[in-house]
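# Breakdown of the fold
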Amino acid sequence: MEYQEWLKKKDLEYKEGILYYDNMDTQQLAKDYGTPLYIINEKLIRKRYNQLKVALNSEYKNNEIHYAVKANSNLAVLKILKSENASVDCSSVGEVYSCLKAGFPPDKIIYTGNMFTNEDLKFAVKNNVLINLDSISQLKRLVNIYDELGKKKNAISFRINPEFGAGHHSHTITAGKDIKFGILDDQVVEAYSQAKKYGFEKFGTHIHIGSGILDPSDYEKAINKYFTIIMNLADTLDITFEFIDFGGGLGIPYKPEQEPLNLRQYIQVIMNQFEKVIKREDFGGPTLKIEPGRFLVAESSIILTQINTIKDNGYKKFAGVDAGFNTLIRPTMYGSYHHIIPCKLTNGTTEQYDIAGPICESGDILGKARLLPTVHEQDYLAILDAGAYGFTMASVYNLRPRPPEILLINGKSYLIREGETFEDLFRLQKLPKHLKKV
Ligand code: LLP
C-alpha cells in the first residue's frame, strides 16, 4: 500500500507540511493541551466496529462482538462502543465495574478472568455477568457462591486451550501446553460433565489463542482443534451451546509495509468450522462471539510528544522526548514497532534517530534507528497506533504523572481524562505517626 494511503486509513494526513488527525492540526492540539497527550479518534473507532460488524453479518447474523476492554478502558471509548451496540469482554472485576458504570447491561458482558478469587466470582454472580472459567477447580467454588447467594445459574463457559497459539510476541501467545490459560483437551469433557452435574443448563465455549495476528491462517489449526473438541463434547455429554466464542487477537498494520488484516479471510477461517454447527439442527444456531480489542481501538489513537533534547553522542543521534515507557510500554515490553512521524515536515535532509524517553532506564526507547526529516528541540512528534494497550498499560514510574486524554469528533476536541498531578500520585499514601514528625 502506498504510504500516504496507509496514513489516510488511520485518518492522518499532511496538509502543507502539517500533520492533521481527523482534520485537526496536531501541532495546535499539542500547544493547547500540552504533551505527552493521548488523542482518541471517535470516528475511527466507530468505523472499525462497523467494518467488522458488516463483515460478520454477511456470513452469520447471530453474532456478537465483545470489545476487549483491557485494550482501552476510557469511559468515553466504552460509551462510543456501547452506542454502536457492542458487547464487552472483561478480564477483571475492575473492568466489569467500569462497563456497568458505562451502562452496559449485564447480559452484554462476558467475564473471562484467570486465577479467579471467590470475591471475583461473587461480584460476577451478584451482577448477573456471564463467567468464563479458566480451571476446573473454580467450578465448585462458583457453585457454592450461587448457592450462598440463592441465585439462578447463568450459562457457564470454560476457556479451552487448543494448544495452537499465535501472536506478535511470546508474551501474547495464549495457547499451548505450558501456557497458564484455559483447560487442555483432555480435561474438557470432565469440566462440562461436572457443570452439568452441578445443574448448569446453558453452556458456551471459549478460546483466545493470542494477540496481534495479521495472517488469518494462523488461526486455522487452533480453530480446527477447537471444533473437534466442541463436537466431541456435544456428542459425549449430549449438550448444545448458547454461544461459541473465538476470542480476539486481530492484528493491525503497525508498519507501513504491512497490509491490514483481511477480514473476509479471517471470518472464512472461522466459518469453515462453524458451518458444522450451523448444519446440525440439534445445535439450534448458537451465537458466534468474537472479542477484538486491538482491532477496534489501536489505530484510533496517537500520542503527541515533544522533543526536548537532540543529543549527538558522536556515534548516534538521540531525539529525547517527553513520552517514555511510562506512557507507552509496548516498544520496551515486546519490542513492538510504533510508527513515529513529525507533526511538521521540514524540507531537505533526513537523519537517523533513536527516539528516547525520559525514564532512567536504557530500555526507554520508543523507536530505534528511525529515519526522520531533520528534527529540532521543541518540535512535536506523533506516535501512531497507541489506542490499544497504550494508556491502559501506562504507569507513573519515575513519578511521572500519567498524561491527559482527549477525544476528537466533528472538528472539536474534548478533554476526556485530565492529566494527573503530583498531588494525585500521593493521594493514597499515609504516614504512620512517628514518621509524620520527621
Ligand atoms: N479476549 C481475551 C480473553 C484476551 O485475553 C484478550 C487479550 C483479548 C480478547 C483481546 O485481544 P486483542 O484482540 O486485543 O488482541 N498487551 C499486549 C496484548 C495483550 C492481550 C491480552 N489479551 C500488547 O500490547 O500487544
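Keep in mind that this is a model prediction, so the values were computed, not measured.

Cut-offs and rules
- Residues numbered from 1 in each chain as written.
- Predicted model: local features only at pLDDT ≥ 70, side-chain atom pairs only at ≥ 80, totals over all residues.
- Heavy atoms only, no water.
- Buried < 20%, exposed > 50% of the residue type's maximum accessible area, 1.4 Å probe, protein only.
- Helix = DSSP H or I, 4+ residues; strand = E, 2+ residues; numbered from the N terminus.
- Arc of directions from axis to C-beta.
- Polar contact = N/O pair within 3.5 Å; in protein donor to acceptor, adjacent residues only side chain to side chain.
- Core = buried A, V, L, I, M, F, W, Y, C linked by side-chain atoms within 4.5 Å.
- Domains from an automatic or database assignment.
- Contact = heavy atoms within 4.5 Å.
- Patch = residues over 30% accessible without salt bridge, like charges linked within 9 Å, V, L, I, M, F, W, Y side chains within 5 Å.
- Areas by Shrake-Rupley, 256 points an atom, 1.4 Å probe, with all protein chains shown as cover.
- Salt bridge = Lys/Arg side-chain N within 4 Å of Asp/Glu carboxyl O.
- Lys, Arg positive; Asp, Glu negative; His and termini not counted.
- Charge placed at Lys NZ, Arg CZ, Asp CG, Glu CD.
- Buried area = accessible area lost by both parts, 1.4 Å probe.

### Notes on helix 2 (residues 26–33)
- Looking at helix 2, one finds that the buried residues are Thr26, Gln27, Leu29 and Ala30. Buried positions in helix 2, seen along its axis, are confined to an arc of 165° and lie on one side of it. When the buried face of helix 2 is taken as reference, the exposed residues oriented beyond 90 degrees from it are Lys31 and Asp32.
- Between a side-chain oxygen at the N-terminus of helix 2 and the backbone nitrogen of Gln27 the separation is 2.9 Å; the capping residue is Asp25.
- Where helix 2 ends, the next residue or the one after it, Gly34, has phi of about 85°, a positive value.

### Observations regarding the nonpolar core
- The biggest cluster of nonpolar side chains holds 89 residues, and the ones touching the most others in it are Tyr67, Tyr192, Phe227, Phe241 and Phe246.
- At 10 residues, helix 9 (residues 220–237) tops the list of elements feeding residues into this core.
- Taken together, domain 1 (3–41 + 298–426) and domain 2 (112–292) each give at least three residues to this core, which thus spans both.
- In this structure, Phe246 is in contact with Ile207, Ile223, Tyr226, Phe227, Ile270, Phe274, Leu288, Lys289 and Ile290, ignoring residues within four places of it in sequence.
- Residues Trp6, Leu7, Tyr14 and Leu29 belong to the second largest nonpolar core, which totals 21 residues.

### Comments concerning a positive patch on the surface
- There is a patch of like positive charges on the surface, built from Lys430, Lys433, Lys436 and Lys437.
- Within the secondary structure layout, Lys436 lies in helix 14 (residues 433–436).

### Looking at the domain arrangement of the protein
- According to the domain assignment, the protein contains domain 1 (3–41 + 298–426) and domain 2 (112–292).
- In this assembly, 15 residues from domain 1 lie in contact with 12 residues from domain 2.
- Here domain 1 meets domain 2 over a buried area of about 1100 Å², counting both sides, of which 66% is carbon and sulfur.
- Among the residues domain 1 hides against domain 2, the three largest losses belong to Trp6, Tyr334 and Tyr337. Together they make up 47% of the total.
- Viewed at the interface, domain 2 and domain 1 are joined by 0 salt bridges.
- Where domain 1 meets domain 2, there are 3 residue pairs in polar contact (both at pLDDT 80 or more).
- Looking at the side of domain 1 that touches domain 2, the elements that each hand over two or more residues are helix 1 (3–9) and helix 12 (330–334).

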